[in-house]
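Structural features, examined
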Amino acid sequence: MAPKTITIIGSLNTDLVTHTPRVPIGGETLTATSFSTGSGGKGANQAVACARLSRPKPSSSQTHPTSDVVVKMVGGVGHDEFGPPLVESMKRDGIDTSGIRIVEGQTTGVAVIIVEEGSGENRILLNPGANYTLKAEDFRAPESLGTPLPDMIVMQLEIPLETVLQILDTAKKAGVDVLLNPAPAVKLPEEAYTAITHLIVNESEAAILSGRRVEEVEKEGFEWEGLASEFLRKGVQNVVVTLGAKGAYYATAAGGAGYIKAEKVEKVVDTTAAGDTFVGAYAVSIVRKSLPSGTSLSEEYKHKPLDEEVIRFACKAAARTVEKRGAQSAIPWADEIERHDA
Ligand code: ATP
């Protein structure tokens, strides 16, 4: 059978992470406890999750592991010290990087992250750089989404909103399914929802999108059923709200719904990229269930929607990520999930 294709259109960043006992006040210089750099950006993290969760970890002699799922990244990096290494590291994970532009005169997206020890609280300053060179006009034609068209497009909101809205429109007209993980969240225009096949949000994103206060949805026992049905009424086919250590709630236009508990973890080390791992695992499960490339997938989904098995696999994968420190470096490979289950 022809492989399935997932195309991620989104951000690639370098994370510059310092750990400090406390955050410096204005005018103060403090000595950090540690500093590290890492590959990040929600787009790149989700591409890595799709790739790793659809193939076993390669041995050192095997650089491009094959799989029944082709993962392609579309994005932009700067022509600087960060950009080309980000692309190379994605290639090593088996990702098709031919859609990543190295943009002259632009810096690579950078996230400057200060982690306060003790509280574990993050403060993040993001400079989008080349991520903002993805323009809406580049995605007006159906061919801009790929030839042949992918089985699924995965997006976040770390590229210009106007570009995301254009891609939603083009994908809807071309009949391509879109998974949107609207992070960082902003209110979306109503027509955007009619083009979303899969909406995956965490609690605070769900609050922002639906015009509620974050504290309201973070309350113990909040009724996610009502909120999910608002998104379904707007035209979304499948809604998933990830609930951190509590697991996830899902609801589908076809009538399926339920709460799925989080997987047990040995020790929570760092929850960074848990959400991105969940999205990648979900996308891989869904495309594997779909019809071969080139047939009408959207129609098929209406009859064979998302089920509990997909959410369980996503929770399993995300649980392995929270057991490790870092963003991309913490995302597991498919064989790691299998070994853990055995
Ligand atoms: P992040 O921004 O940290 O990547 P997020 O806020 O987008 O994550 P969460 O809802 O916090 O998303 O987590 C995504 C999924 O990860 C959850 O649905 C759950 O399956 C898993 N997860 C997160 N935290 C834990 C935990 N402490 N124990 C087990 N699973 C967890």
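Up top is the structure.
Quick summary incoming for the structure in this document.

What follows covers the pairing of strand 12 (residues 248-252). Note on strand geometry: in a regular strand, side chains alternate between the two faces of the sheet. Across the five residues that make up strand 12, a large majority, five, are buried. Taking every second residue as pointing to the same face, both faces of strand 12 are buried, with Ala248, Tyr250 and Thr252 on one and Tyr249 and Ala251 on the other. Alignment of strand 11 (residues 238-242) against strand 12, held across five bridges, turns out to be antiparallel. From the neighbouring strand, Val241 faces strand 12, where its bridge partner is Tyr249. The pairing of strand 12 with strand 13 (residues 257-260) spans four bridges and is antiparallel.

Here the focus is the site of the ligand. Residues in close proximity to the ligand total 18 residues, the closest being Asn202, Thr242, Gly244, Gly247 and Gly275. Contact distances for the ligand include 2.9 Å between an oxygen atom and a side-chain N or O atom of Asn202. Contact between the ligand and Thr242: an oxygen atom at 2.8 Å from a side-chain N or O atom of the residue. Bound to the protein, the ligand loses 83% of the 620 Å² it would expose on its own. Only helix 8 (274-289) and helix 10 (308-322) provide two or more residues apiece to the shell around the ligand. Broken down by class, the residue content of the shell around the ligand amounts to 11 nonpolar, six polar and one charged.

This next bit is on the sheet that holds strand 1 (residues 4-9). Ordered by their spatial adjacency, nine strands build an open sheet running 5-4-1-8-9-10-11-12-13, and the pairing between neighbours is mixed. Each edge of the sheet is formed by a strand with only one pairing partner; in this case those strands are strand 5 (96-103) and strand 13. Here the average twist between neighbouring strands, direction ignored, is 15°. Where strand 1 and strand 8 (residues 152-155) come together, four bridges link them in parallel fashion. Bridging from a neighbouring strand, Ile9 pairs with Met155 of strand 8. Of the strands in this sheet, strand 10 (198-202) and strand 11 touch helix 5 (residues 203-210), which is tilted by about 110° from strand 10.

With respect to topology, four strands assemble into an open sheet ordered 3-2-6-7, the strand pairing being mixed. Two strands close off the open sheet at either side, each with one partner strand: strand 3 (34-40) and strand 7 (122-127). This sheet shows a mean twist of 20° between the axes of neighbouring strands, independent of strand direction. Looking at chain direction, strand 6 (residues 109-116) and strand 7 are connected through six bridges and run antiparallel. Its bridge partner lying in strand 7, Ala111 is registered against Leu126.

Once that is clear, we can look at helix 11 (residues 334-341). Buried within helix 11 are the following residues: Ala334, Asp335 and Ile337. Here the buried residues of helix 11 occupy an arc of 155° about the axis, which is enough to place them on one side.

Running from amino to carboxyl end, helix 1 (residues 42-52) crosses helix 8 at an angle of 45°, the nearest separation of the two axes being 8 Å. Regarding the angle of helix 1 to helix 8, the classification is oblique. Along this stretch, helix 1 crosses helix 8, giving a crossing that reads as right-handed. Touching Lys42, Asn45, Gln46, Ala49 and Cys50 of helix 1 are Asp276, Thr277, Val279, Gly280, Ala283 and Val284, all from helix 8.

A few words now on the packing of aromatic side chains. Taken as a whole and assessed by the stated rule, the structure comprises three aromatic pairs. Measuring from centroid to centroid gives 4.7 Å for Phe222 and Trp224, while their planes differ by 65°, and the two rings are edge-to-face. In terms of burial, Phe222 and Trp224 fall into one category: buried.

Definitions and limits used
- Position numbers for residues count from 1 along each chain, tracking the sequence in the order it is written.
- Two thresholds apply to this predicted model, a pLDDT of at least 70 for residue-level local features and 80 or more for giving and counting side-chain atom pairs, whereas whole-chain, interface and lining totals are computed over all residues.
- Only heavy atoms go into the side-chain values, all of them from the structure, while hydrogens and water stay out.
- Each residue's exposure class comes from its accessible area (1.4 Å probe, protein chains only) as a fraction of the maximum for that residue type: buried when under 20%, exposed when over 50%, partly exposed otherwise.
- Labels follow the DSSP assignment, with helices taken as runs of H or I lasting at least four residues and strands as runs of E lasting at least two, numbered in each case from the N terminus.
- By this definition, two strands are paired if DSSP reports at least two bridges between them.
- A cutoff of 4 Å decides nearness: a residue is near a molecule or strand if any of its heavy atoms lies inside that distance of it.
- Here a polar contact means two N or O atoms within 3.5 Å. Within protein one must be a hydrogen donor candidate and the other an acceptor candidate, and residues neighboring in sequence count only if both atoms are side-chain atoms.
- Method for areas: the Shrake-Rupley scheme with a 1.4 Å probe, in which residue coverage is limited to the protein chains shown.
- Polar here means any residue other than Ala, Val, Leu, Ile, Met, Phe, Trp, Tyr, Cys and Pro, which are nonpolar, and Asp, Glu, Lys and Arg, which are charged; Gly is therefore polar.
- Angles run from 0 to 180 degrees between N-to-C directions of axes, and those axes are lines fitted to C-alpha atoms, restricted for helices to the stretch in contact.
- By the convention used here, residues are in contact when the closest approach between their heavy atoms is within 4.5 Å.
- The arc in question is traced by the directions running from the helix axis to the C-beta atoms.
- Here the angle decides the label: under 35 degrees means roughly parallel, over 145 means roughly antiparallel, 65 to 115 means roughly perpendicular, and every other value means oblique.
- Handedness of a crossing is defined here by the sense of rotation of the near helix relative to the far one, left-handed for an anticlockwise turn of less than a right angle and right-handed for a clockwise turn.
- Any two rings among Phe, Tyr and Trp, with Trp reduced to its six-membered ring, count as a pair given centres within 6.5 Å; such a pair is stacked if its planes are under 30 degrees apart, edge-to-face if over 60, and tilted if neither.

Without other data, these values stay purely geometric and don't point to any function.
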